[in-house]
Amino acid sequence: MTLISFVVPAFRVQGYLRECLDSILGQPFGDLEVIGVDDASPDGSGEILTEYAARDPRVHVVRLTENVGLGPARNIGLDRAVGEYLWFVDGDDWLVAGCLPHVAERLRATRPDVLIVDHVRAHWNNVGVRSAMADVFPEPPGEAAFRLRDRPETLRLLHTAWNRVVRRQFLVDQGFRFAPGWYEDVSFSYPVLMAAERIGVLDRVCVNYRQRRSGAITRTRGDRHFEVFAQWHRVFRLMDRWGPQVDELRPAVFERMIWHYLNVLGNGARIASELRPAFFAQIHADYTRFRPAGEYPVPPGVEGVKHRLVAAGRWRTFSALRTANRAADASRRSVRRAGRRALPVARRTAEVTGEAVLHEYYRAELRRPIDPALALYAAYWFRGYACNPAAVYAAARRLAPQVRGVWVVRRDRVDTLPSGVEYVVAGSPAYYRALARARWLVNNVNFPDFVRKRPGSIHLQTHHGTPVKVMGLDQQRYPIGAMGMDFAKLLRRVDRWDFGVTSNSFSTQMWERAYPAAYETLEVGYPRNDRLVLATRDEVHKVRAELGIGPDEQVVLYAPTHREHLPGWQPPFDPDRLLDVLGPSGRLLIRSHYFEDRDRRPQRPAAGRLLDVSAHDRVEDLYLAADVLITDYSSAMFDYGVLDRPIVVYAPDWEAYRLARGVYFDLLAEPPGAVARDFPALLDLFRSGAVRSAEAEEARQRFRARFCALDDGHAAERVVRRVFLDEPA
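Treat the numbers as computed from the prediction; the structure is a model and nothing was measured. (Residues numbered from 1 in each chain as written. Predicted model: local features only at pLDDT ≥ 70, side-chain atom pairs only at ≥ 80, totals over all residues. Heavy atoms only, no water.)

Below, the discussion takes up the sheet that holds strand 10 (residues 371–378). In space, the seven strands of this open sheet follow the order 12-11-10-13-14-15-16, with parallel pairing throughout. Either end of the sheet is taken by a strand with one partner, and the two such strands are strand 12 (423–425) and strand 16 (520–523). Neighbour to neighbour, the strand axes of the sheet diverge by 25° on average, direction disregarded. Of the pairings in the sheet, the one linking strand 14 (residues 458–461) to strand 15 (residues 499–502) comprises two bridges and is parallel in character. By the bridge assignment for strand 15, Leu460 is matched with Phe499. Across the sheet, helix 15 (residues 387–399) is in contact with strand 10, strand 11 (404–409), strand 13 (438–443) and strand 14; its angle to strand 10 comes to roughly 145°. (Pairing = 2+ DSSP bridges. Helix = DSSP H or I, 4+ residues; strand = E, 2+ residues; numbered from the N terminus. Axes fitted to C-alpha atoms, helices over the stretch in contact; angles between N-to-C directions. Contact = heavy atoms within 4.5 Å.)

This is the structure we're talking about:
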């Protein structure tokens, strides 16, 4: 028999589900199965479950045709599980690496009905908050199993399904099921503890309980939070049915109920102000209805005062107390902020510069009306006309000619703009005026921190690549590759977005986790790739001729990515040796990452067979000209894949890169073509013809199906119609 069956319901968790599944399947323990329940999720969650099941026989997928909710979805997984123990793990949480062998050892040694494991609250800002385990059990409870009546303090541990591993036959014998609705853990977790003959506690953190910035029920306002009352009513109805055998637990269970109600009421992200009096009234009603005879453990201090106010039904006093406490907290935070802001007089004086004057001008322009026809474009920190913004600009000129497009460009890059493109120079008064008054702001990175999101303005974030390396908030776990990043400022920039463009479902999933906010995702393909799809044979010949490439030459483009954590690092790559292998008809183009200072790089003469094309303005030209792409961890592979030409992954530092910088998927296990781990192997790929082998072709087709399916030549049009013309997605 399988020892542990993991039941993982999935609904709108596409940004987190991969991490959850990897944390289970990657444990140094194999006696498990995963029952993934696709609860008719409207996002890519079902697709992810299917993908994992295809490559790991331990994963089994149940696909529901209609959404049933978390509790019923867990029940469906419970019915299909075969393990001796069940572990209900939510799709947005993840296990701690290496925890399963310890869990398995305790299960096999003590055979509990329920084994409770420890957890941490993993916040979006990478802060972990400990659970109540150490407070509930100041002395570790050890390995001995116990009943709840012997250790009633166990009730004070968080009442979730995912922090306990439960014996399956025990659940079947007792007939325990999850109820529908929100707060379904309540009517499952407490009865399970009360009925268990053998409860164990493993004093080891095993679960990362993700505190999502957006999208979680706990951060969703609405009247569905009133469903918590029905869940607790189920608990007390069951206790009434069980009778005297649980009477001694009633005081502790009652205290937990009032504690839970007050926590829900006190969370402004859940209960809107207009609903608070009614919620309090229901707490008072349940206090009166379920209060046990005699005493119950009233908490000390302010919490005890709250209990007494609930008992008396004194909402106005309760509300006034809450308001006073919040005002005191705000005052303390204000004092701390004021202390941090205090600057020496000399420093404050020095900040009154020309830039500060322009910022004041920008703030003044913010008071003027938005220009309803102005769209401001930028790319790569004002390096010029490029990437997705350029493709959107061109499509908007055709489909929305009433919109006036203006580009922001560095002064030293003005001469790179195409003829007829209107522009403002970054840092000029015209730049600040356009920033303040444009209705649309389009960028493939972020506009500066000082830019404010005006009501009525629309910010379009196009991004500039499908991610291999981790991005956004995910970089917090890889501090070597995220040195100097201010994640709080990053999120303030992200909160300005109204739309985010993605080129495939995978990108959508990763951006949801890396950039959690309320923007609308446009999963439409990449506008910059429209040209690759639509390019004619004549256009390819023209591009090659402009680069000095003959029609019979075989062109290899080498485009490595940047290593932020290794400034100045150069891949072990010998152009002359590769050219020797390519033969007399071979040409090699080398392009550095845009983070490199391309304007200072010496240009190799075009007359030779090696050409440095780092300063070439349009990378799409280079893709069209090349017969083969060599890259490492660059997003270039996803764009070049649209052309359906050979791609070679040259990954000499893969292990170091994935550890230091972090990656979203195993590129070597799911490559777009042939793979070389060192330079001799790279030469052998070309020497042997493996670059174009059947195996490389199959890998490329799998890669294209996964990442390039949306690039059909009309992505820019779809973006313009949604963003500029306000047509439905």
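Look at helix 14 (residues 354–365): 17 Å from first C-alpha to last across 12 residues, which is about the 16 Å you get at 1.5 Å a residue. Burial in helix 14 covers these residues: His359, Tyr362 and Glu365. Along the axis of helix 14, the buried positions cluster into a sector of 115°, meaning they face one direction only. Where the residues of helix 14 are buried, they touch helix 16 (429–437). (Expected span 1.5 Å × (residues − 1). Buried < 20%, exposed > 50% of the residue type's maximum accessible area, 1.4 Å probe, protein only. Arc of directions from axis to C-beta.)

Moving on, we get to the packing of aromatic side chains. One pass over the structure, following the stated rule, counts 46 aromatic pairs. When the ring of Phe88 is compared with that of Phe178, the centres are 5.0 Å apart and the planes differ by 80°; the resulting orientation is edge-to-face. Of the two residues, Phe88 is situated in strand 4 (residues 85–88) and Phe178 in the loop between helix 6 (168–174) and helix 7 (186–195); the sequence distance between them amounts to 90 residues. Phe178 carries the same exposure label as Phe88, and that label is buried. Geometrically, the ring pair formed by Phe665 and Phe707 is tilted, given 5.6 Å between the ring centres and 35° between the ring planes. Here the residue Phe665 occupies a position in the loop between helix 24 (654–660) and strand 22 (674–676), and Phe707 occupies one in helix 26 (residues 694–707), the gap between them amounting to 42 residues. Residue class for Phe665 comes out buried when judged on its relative accessible area of 6%. Taken together, the aromatic side chains of Tyr362, Phe382, Tyr431, Tyr432 and Phe450 make up a single cluster linked through ring pairs. Against the face of Tyr52 rests Arg55, its NZ or CZ located 4.3 Å from the ring centre. Positioned above the aromatic ring of Phe146, the side-chain terminus of Arg151 is 5.7 Å from the ring centre. (Phe/Tyr/Trp six-rings, centres within 6.5 Å; stacked < 30°, edge-to-face > 60°. Lys NZ or Arg CZ within 6 Å of the ring centre and 35° of its normal.)

All right, on to unusual backbone geometry then. Even without being a glycine, Ala40 presents a positive backbone phi close to 50°. Examined against the element boundaries, Ala40 turns out to sit in the loop between strand 2 (32–38) and helix 2 (45–55). Owing to a relative accessible area of 25%, Ala40 belongs among the partly exposed residues under this scheme. Phi at Tyr380 takes a positive value of approximately 50°, unusual for a residue other than glycine.

Within the largest apolar cluster, 68 residues are counted, with the highest numbers of intra-cluster contacts made by Leu171 and Trp232. Excluding anything up to four places from it in sequence, Trp232 contacts Val186, Tyr190, Val253, Arg256, Met257, His260 and Tyr261. (Core = buried A, V, L, I, M, F, W, Y, C linked by side-chain atoms within 4.5 Å.)

Turning next to the side chain of His463. Structurally, His463 is set in the loop between strand 14 and helix 17 (487–494). You can call His463 buried: its relative accessible area is 6%. Among all residues touching His463, those that are not within four sequence positions of it are Cys387, Asn388, Asn443, Asn444, Trp497, Val501, Trp511, Tyr515 and Tyr526.

The first and last C-alpha atoms of helix 8 (residues 227–242) sit 24 Å apart over 16 residues, in line with the 22 Å expected at 1.5 Å per residue. Every buried residue of helix 8 is listed here: Val228, Phe229, Gln231, Trp232, His233, Val235, Phe236, Leu238, Met239 and Trp242. Buried residues in helix 8 make contact with helix 7, helix 9 (250–265) and helix 10 (276–290). In the segment just after helix 8, Gly243 is the residue with positive phi, at about 75°.

With that settled, consider the packing of helix 14 against helix 16. Helix 16 packs onto helix 14 with a crossing angle of 35° between their chain directions and a minimal axis gap of 8 Å. For the pair helix 14 and helix 16, the crossing hand works out as right-handed. For the pair formed by helix 14 and helix 16, the contact residues are Glu355, Leu358, His359, Tyr361, Tyr362 and Glu365 on the first element and Pro429, Tyr432, Arg433, Leu435, Ala436 and Arg437 on the second. Its residues assigned to classes, the contact of helix 14 with helix 16 comprises seven nonpolar, one polar and four charged. (Left-handed = near helix turned anticlockwise from the far one by under 90°. Nonpolar A, V, L, I, M, F, W, Y, C, P; charged D, E, K, R; others polar.)

Within strand 2, seven of the seven residues are buried, leaving the element largely enclosed by the surrounding structure. Of the two faces of strand 2, both are covered, the one formed by Leu32, Val34, Gly36 and Asp38 as well as the one formed by Glu33, Ile35 and Val37. As paired strands, strand 1 (residues 4–10) and strand 2 are joined by seven bridges and run parallel to one another. Residue pairing in the sheet places Pro9 in a bridge with Val37 of strand 2. Between the parallel pair strand 1 and strand 2, the chain is carried across by helix 1 (residues 17–25), and the sense of this crossover is right-handed. Here strand 2 runs beside strand 3 (residues 59–63); their pairing, made up of five bridges, is parallel. (Right-handed = clockwise from strand over helix to strand, strands pointing away.)

Strand order in the open sheet formed by six strands is 19-18-17-20-21-22, with parallel pairing between adjacent strands. Edge positions in the open sheet fall to strand 19 (610–612) and strand 22, since each of these has one partner strand only. Across the sheet, the mean angle from the axis of one strand to that of its neighbour is 20°, orientation sign disregarded. Across four bridges, the pairing between strand 17 (residues 554–559) and strand 20 (residues 628–631) is parallel.

Once that is clear, we can look at the confidence of the model for the protein chain. Per-residue pLDDT for the protein chain averages 92, and the proportion of residues at 70 or more is 94%. Contacts of residues 343–351 to residues separated by more than four positions or lying in other chains number three contacts, the stretch itself having pLDDT below 50. Confidence drops under a pLDDT of 50 for residues 597–607, and excluding neighbours within four residues, the segment shows 21 contacts in the predicted structure. (pLDDT = per-residue confidence, 0-100.)

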